[in-house]
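Summary of structural features
Given next are the chains, with one letter for each unit.
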Amino acid sequence: MIPFFRKIRKTLADDNKPIKYLRYAIGEIILVVIGILIALQINNWNENRKNKVFEKEILTQIQENLKNDKLALEEIVTNFSKAVKSSEKILNSQVSQKTQDSINIWLGAIIQFDRFQPLTNAYEVLKSNGLDKISNKKLRFLLGRYYDDEASHMIKSTNDIEIAFNDHWIPILFEEMVEFEFKKSVELKDYSILLKPSKAQNILKLNRDNLASGINRIKRGLATIQEIQNLIVKEIK
């Protein structure tokens, strides 16, 4: 290798062309650098294009998941609201044959539960690839808030009502139930246990308050879903 460079040096010295060679070498270096920069630019462009395609696809999937979550949550809010109103009606009622027929329906709205499990498959795929794949910072923040925070609170709210059903209402039903049709009607032997100070009335009041709290939590989650959906529509246009 050394003899090779010595030969080049001698040739340049003999021909008196060092300046021409230097210019040629600098030109070659510049061309190599330009080539590298172009290759890097093309690679970055390809990566950005792939990221954009992935972002659009994953946001479309998340949008569909949120659509299903929203429908489920809206139904739960409707059921919870009916239960709260029915609880108030019972607590403000007087025992009579007429009110007994109504109480059957009201209890049907109260002594029941719903389950909620958010669809997270698209969000999990996004997390495994990196949340930074979502270019909109606000959208990234809202997705994290919904899936990693608010969704768990809403699950807990629905679970609390199911726990109350199993731990509090079922023992009452075993003792007092005549007929039971889930989410439709409940007939008791003695309605007065709900209309006067008693364990049953306390359960009714606590259940009402848990339902009201659950409604507030779910409405906050629904507001976040709506905000996310609006941003996604803008991003995937």
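From a predicted model like this one, the values you see are computed outputs, not experimental measurements.

**Description of the overall build of the chain**
Regarding its fold elements, the chain presents 7 helices and 2 strands. Taken from the N to the C terminus, the helices and strands of the chain come in the order α-α-α-α-α-β-β-α-α. Once local pairs closer than 6 in sequence are excluded, the contacts in the chain between residues at least 24 apart make up 80%. Put simply, the chain shows about 14,900 Å² of open surface, and 56% of that area lies on carbon and sulfur atoms.

**With respect to the confidence of the model for the chain**
Here the chain averages 87 in pLDDT, while 84% of its residues score no lower than 70. Here residues 1-6 scores under 50 on pLDDT; set against residues more than four positions off or in separate chains, the count is 0 contacts.

**Considering the packing of aromatic side chains**
Counted by the stated rule, this structure contains 7 aromatic pairs. The interplanar angle of 85° and the centroid separation of 6.1 Å between the aromatic rings of Phe165 and Phe182 together place this pair among those described as edge-to-face. Here Phe182 lies in the loop between strand E1 (177-181) and strand E2 (185-188) and Phe165 lies in helix H5 (residues 137-176), a separation of 17 residues in the sequence.

**Considerations on the packing of H5 against helix H7 (residues 199-235)**
In contact at an axis separation of 9 Å, H5 and H7 are set at 160° when each is read in the N-to-C sense. Between H5 and H7, the crossing angle belongs to the class labelled roughly antiparallel. The two elements H5 and H7 cross, and the hand of that crossing is left-handed. Taken together, the residues that form the contact of H5 with H7 break down as 18 nonpolar, 8 polar and 8 charged.

**Observations regarding the pattern of salt bridges**
Evaluation of the coordinates by the stated rule reveals 10 salt bridges. The partner of Asp148 in a salt bridge is Lys127, with the nearest N and O atoms 3.8 Å apart. Placement of Asp148 in helix H5 and of Lys127 in helix H4 (residues 121-129) is noted, with a sequence separation of 21 residues between them. The exposure class of Lys127 is partly exposed, given its relative accessible area of 36%. When salt bridges that share partners are traced, they join Glu88, Arg208 and Asp209 into one network.

**A word on the packing of H4 against H5**
The contact between H4 and H5 brings their axes to 12 Å, and the two run at 120°. Compared by their axis directions, H4 and H5 come out oblique. In this structure, H4 crosses over H5, and the sense of that crossing is left-handed. On H5, the residues that touch Tyr123, Leu126 and Lys127 of H4 are Leu143, Gly144, Tyr147 and Asp148. Broken down by class, the residue content of the contact of H4 with H5 amounts to 4 nonpolar, 1 polar and 2 charged.

About the cut-offs
Residues numbered from 1 in each chain as written. Predicted model: local features only at pLDDT ≥ 70, side-chain atom pairs only at ≥ 80, totals over all residues. Heavy atoms only, no water. Helix = DSSP H or I, 4+ residues; strand = E, 2+ residues; numbered from the N terminus. Contact = heavy atoms within 4.5 Å. Areas by Shrake-Rupley, 256 points an atom, 1.4 Å probe, with all protein chains shown as cover. pLDDT = per-residue confidence, 0-100. Phe/Tyr/Trp six-rings, centres within 6.5 Å; stacked < 30°, edge-to-face > 60°. Axes fitted to C-alpha atoms, helices over the stretch in contact; angles between N-to-C directions. Parallel < 35°, antiparallel > 145°, perpendicular 65-115°, else oblique. Left-handed = near helix turned anticlockwise from the far one by under 90°. Nonpolar A, V, L, I, M, F, W, Y, C, P; charged D, E, K, R; others polar. Salt bridge = Lys/Arg side-chain N within 4 Å of Asp/Glu carboxyl O. Buried < 20%, exposed > 50% of the residue type's maximum accessible area, 1.4 Å probe, protein only.

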